Amino acid sequence: AFALRLSPTGSALEQLLSFGGSENDEARGVALDTNGTPYVVGVTASPNFPLVNPFQSTLGGPQEAFVAKLNSTGTGFVYSTYLGGSGDDQARGVAFHQESVYVVVRTSSQDFPLVNPFKSTLEQFNTDAFVTKLNASGTGLDFSSYLGGLATDQAFGVVVRRYGGPFPE
């Protein structure tokens, strides 16, 4: 996987960070915090994915979602962690809001980590979307819940807004 930053005109590469382990690794989403620090999410099959201060330190299934916060220079991680259970988990979208990171995942894991869920079960033999809010340090979950019904459900993006505030037109 990799993350890069182009110049404002798109004519020059300002930063490039390539990362991953011994198997397939794909970045699938990126968000910036208020300081311009990037958060990258994706999917990895690498048991040796580069982890820094991880919430989850082991690969639990054939593919695991990952969440990584890059340092301010884009040369390494503040934190990076697996996120998932014993099934197939793929992070698809990420948003930053008030010191927390929100991640949406496609999962087939019956044991995805749950915290204060509004849906606590995955339908048998199914794939659901999943939404997780990591704390500011990336070391724990503020909430984590399945999303979806009886059929296959997927999420590809997430937007966070102030409670009660309108979506922009």
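Read on for a plain summary of the structure. (Residues numbered from 1 in each chain as written. Predicted model: local features only at pLDDT ≥ 70, side-chain atom pairs only at ≥ 80, totals over all residues. Heavy atoms only, no water.)

1. Here's the deal with the overall build of the chain
Consideration 1: Scanning the chain for helices and strands turns up zero helices and ten strands.
Consideration 2: With respect to the three principal axes, the spread of C-alpha positions in the chain is 50 × 45 × 25 Å.
Consideration 3: With 169 residues in all, the chain has 46% of them scored as buried.
Consideration 4: Put simply, of all contacts in the chain between residues at least 6 apart along the chain, 54% involve residues at least 24 apart.
Consideration 5: Total accessible area computed for the chain in this model is approximately 8600 Å², and 52% of it derives from carbon and sulfur atoms.
Consideration 6: Of note, the chain has its 9 positive side-chain charges centred 7 Å away from the centre of its 15 negative side-chain charges. (Helix = DSSP H or I, 4+ residues; strand = E, 2+ residues; numbered from the N terminus. Buried < 20%, exposed > 50% of the residue type's maximum accessible area, 1.4 Å probe, protein only. Contact = heavy atoms within 4.5 Å. Areas by Shrake-Rupley, 256 points an atom, 1.4 Å probe, with all protein chains shown as cover. Lys, Arg positive; Asp, Glu negative; His and termini not counted. Charge placed at Lys NZ, Arg CZ, Asp CG, Glu CD.)

2. Thoughts on the pattern of salt bridges
Consideration 1: With the rule as written, the count across this model stands at four salt bridges.
Consideration 2: A salt bridge links Lys119 to Asp128, with the shortest nitrogen-to-oxygen separation between them at 2.8 Å. Of the two residues, Lys119 and Asp128, both sit in the buried class.
Consideration 3: Residue Lys133 is joined to Asp142 by a salt bridge in which the shortest nitrogen-to-oxygen separation is 3.9 Å. (Salt bridge = Lys/Arg side-chain N within 4 Å of Asp/Glu carboxyl O.)

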